[in-house]
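Examination of the molecular architecture
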Amino acid sequence: MKNSQPGILESIPQHAKYLFFDQAPGCNTADCLQRLADIVDGVEIVVGLGQSLTLKLGAEIPGLSCFTARSKADIDIPSTPAALMCWLRGDDPGDLLHRSRHVNALLGEDFVQSDCIDTFKYGAGQDLTGYEDGTENPTGQEAIDAGFLSGAGLGLDGSSFVATQQWLHDFNAFAALTTSEADNSIGRRLSDNVELEDAPESAHVKRTAQESFDPEAFMLRRSMPWSIPEAEGGLFFVTFGKSFDAFEAQLARMIGDEDGISDALFQFTRPVSGSYFWCPPMKDGRLDFRALQL
Ligand code: HEM
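Summarised in this report is the structure supplied together with it.

**Overview of the overall build of the protein chain**
The helix and strand inventory of the protein chain stands at eight helices and 14 strands. A compact globule built from 294 residues should have a C-alpha radius of gyration of about 19 Å, and the protein chain, at 19 Å, falls within 12% of that. Summarising its shape, the C-alpha atoms of the protein chain cover approximately 55 × 40 × 35 Å along the three principal directions. Considering the protein chain as a whole, with its 294 residues, one finds that 51% of them fall into the buried category. Within the protein chain, contacts between residues at least 6 apart in sequence are counted, and of these 78% link residues at least 24 apart. Counting every atom, the protein chain has about 13,300 Å² of accessible surface; 49% of that belongs to carbon and sulfur.

Below, the structure written as structure tokens:
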């Protein structure tokens, strides 16, 4: 996909930092975005814009919205909007620290950092429970079809919508499951990643089987584990799509909207954030803000 931010299509890096920003009162949003565009290559830094930012510029990006919080018995799905998200990707946490300082300095007092999540690749790309994550991700042309807008016009084609959700694991609850209970909660065997044919309806991969939706709900997941020194951690779930439709359909089924059955993942993990962003396309190696009339 020649005009997308290339980092979206690449596999996950060894380390990444997610920076979230709110606009400060009186923020000169347009100037800040141009300054940001000077340093964003779409590979080492991938940028997403929240709805409050695009509205501030008087622009409407068709399909961009604010993530809606949901509640079910025993399940809370929070919404934590932000104006701007920078995904810093790399191999070296020291390098990421310096780049995050650079981004903060560049945004000056116009934006206030509201959150920062340090993430990393675990093993060969596993969730912290040990299960391989990303196996059924589309690749090649299918990844492009699932992940990016096309036929939407100049300034929109090559752009992508990203949903981010920080999930906090209860490692004691997970450790209390037997091997078979844990395998059934995911719907795959930990030992060899083989999908279980007789997995219960609550199994995560049964809830989210992409081809079982109508229309099919394929998405480009780029989730990475996160942790903090207090021994807390989980999965920073990240999914890119040509719209938010696939994510919303998957999440609705995970919380039991369709049949009252909720995803077995909720036995040991829960989301503590939830945000939507639009990732602009690129033109001649620079972020393309034509859809924002900039
Ligand atoms: C803590 C949260 C989560 C964990 C630990 C987790 C873990 C996993 C694992 C281990 C797999 C199987 C391997 C694979 O195909 O990647 C998987 C598959 C999948 N997950 Fe998640 N996931 C989480 C949250 C979510 C959420 C919030 C969504 C969407 C709303 C989602 C969508 C999917 C999809 C689409 C698949 C592939 C299903 C298929 O077509 O076979 N996951 N996940």
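**With respect to the site of the ligand**
As a structural note, the neighbourhood of the ligand is formed by 27 residues, with Gly134, Glu136, His204, Gln210 and Arg221 the closest of them. Within the contact set of the ligand, an oxygen atom lies 2.8 Å away from a side-chain nitrogen or oxygen of glutamine 210. Among the elements that take part in the shell around the ligand, helix 8 (residues 245–254) stands out by supplying four residues, more than any other. Along the lines of polarity and charge, the residues of the shell around the ligand split into 12 nonpolar, nine polar and six charged.

**Notes on the coordination of the iron atom of the ligand**
There is one protein donor for the iron atom of the ligand, namely His204 (NE2), at 2.0 Å. With respect to the secondary-structure elements, histidine 204 resides in helix 7 (residues 204–207).

**Notes on the packing of aromatic side chains**
Taken as a whole and assessed by the stated rule, the structure comprises 14 aromatic pairs. Taking the centre distance of 5.9 Å and the plane angle of 40 degrees together, the rings of phenylalanine 20 and phenylalanine 277 count as tilted. Here phenylalanine 20 is found in strand 1 (residues 15–23), whereas its partner phenylalanine 277 is found in strand 12 (residues 275–279), with 257 residues between them in sequence. Judged by its relative accessible area of 0%, phenylalanine 277 is buried.

**Quick notes on helix 3 (residues 93–107)**
The end-to-end C-alpha distance of helix 3 is 21 Å, a good match for the 21 Å that 15 residues give at a rise of 1.5 Å each. For helix 3, the secondary structure elements touched by its buried residues are strand 1, helix 1 (29–39), strand 2 (45–49), strand 5 (84–90) and strand 6 (111–120). One side-chain oxygen at the N-terminal end of helix 3 lies 2.8 Å from the backbone nitrogen of glycine 94; it belongs to aspartate 92. A positive phi of about 55 degrees marks glycine 108, the residue just after helix 3.

**A word on the side chain of glutamine 166**
By the secondary structure assignment, glutamine 166 is in strand 7 (residues 160–169). Residue glutamine 166 is classed as buried on the basis of its relative accessible area of 10%. Apart from the residues lying within four places of it in its own chain, the contact partners of glutamine 166 are Ile117, Trp226, Leu235, Phe236, Arg270, Pro271, Val272 and Ser273.

**Considering the pattern of salt bridges**
Applying the stated criterion across every chain yields a total of 16 salt bridges. Aspartate 118 serves as the salt-bridge partner of lysine 17, at 2.8 Å between the closest nitrogen and oxygen. Of the two residues, lysine 17 sits in strand 1 while aspartate 118 sits in strand 6, which places them 101 residues apart along the sequence. Aspartate 118 gets classed as partly exposed once you look at its relative accessible area, which sits at 38%. With its nearest N and O atoms 3.0 Å apart, the salt bridge here joins arginine 70 to aspartate 257. Note that arginine 70 is positioned in strand 3 (residues 70–72) and aspartate 257 in the loop between helix 8 and strand 11 (269–271), a separation of 187 residues in sequence. A relative accessible area of 31% means that arginine 70 is categorised as partly exposed. Members of the salt-bridge network, linked through shared partners, are Arg70, Lys72 and Asp257.

**Focus: the environment of alanine 163**
Residue position: alanine 163 is located in strand 7. Taking the C-alpha atoms as reference points, alanine 163 and phenylalanine 237, separated by 74 residues in sequence, lie 8.0 Å from one another. Those residues in contact with alanine 163 that sit more than four places away from it in its chain are Phe237, Val238, Thr239, Phe244, Phe247, Ser275 and Tyr276.

**Remarks on the state of the cysteines**
Following the criterion strictly, the structure yields zero disulfides and no others. Here cysteine 27 stays unpaired: no disulfide links it, and the sulfur of cysteine 32, its closest cysteine neighbor, is 4.9 Å away. Note on cysteine 86: no disulfide assigned, nearest cysteine sulfur contributed by cysteine 279 at a separation of 10 Å. Given a relative accessible area of 0%, cysteine 86 falls into the buried group.

Reading the values: rules and limits
- Residues numbered from 1 in each chain as written.
- Predicted model: local features only at pLDDT ≥ 70, side-chain atom pairs only at ≥ 80, totals over all residues.
- Heavy atoms only, no water.
- Helix = DSSP H or I, 4+ residues; strand = E, 2+ residues; numbered from the N terminus.
- Rg over C-alpha atoms; globule rule 2.2 N^0.38 Å.
- Buried < 20%, exposed > 50% of the residue type's maximum accessible area, 1.4 Å probe, protein only.
- Contact = heavy atoms within 4.5 Å.
- Areas by Shrake-Rupley, 256 points an atom, 1.4 Å probe, with all protein chains shown as cover.
- Near = heavy atom within 4 Å.
- Polar contact = N/O pair within 3.5 Å; in protein donor to acceptor, adjacent residues only side chain to side chain.
- Nonpolar A, V, L, I, M, F, W, Y, C, P; charged D, E, K, R; others polar.
- Donors = N, O, S within 2.8 Å, 3.2 Å for Na, K, Ca; no water.
- Phe/Tyr/Trp six-rings, centres within 6.5 Å; stacked < 30°, edge-to-face > 60°.
- Expected span 1.5 Å × (residues − 1).
- Salt bridge = Lys/Arg side-chain N within 4 Å of Asp/Glu carboxyl O.
- Disulfide = S-S within 2.5 Å.

Coordinates in, geometry out; function isn't part of it.
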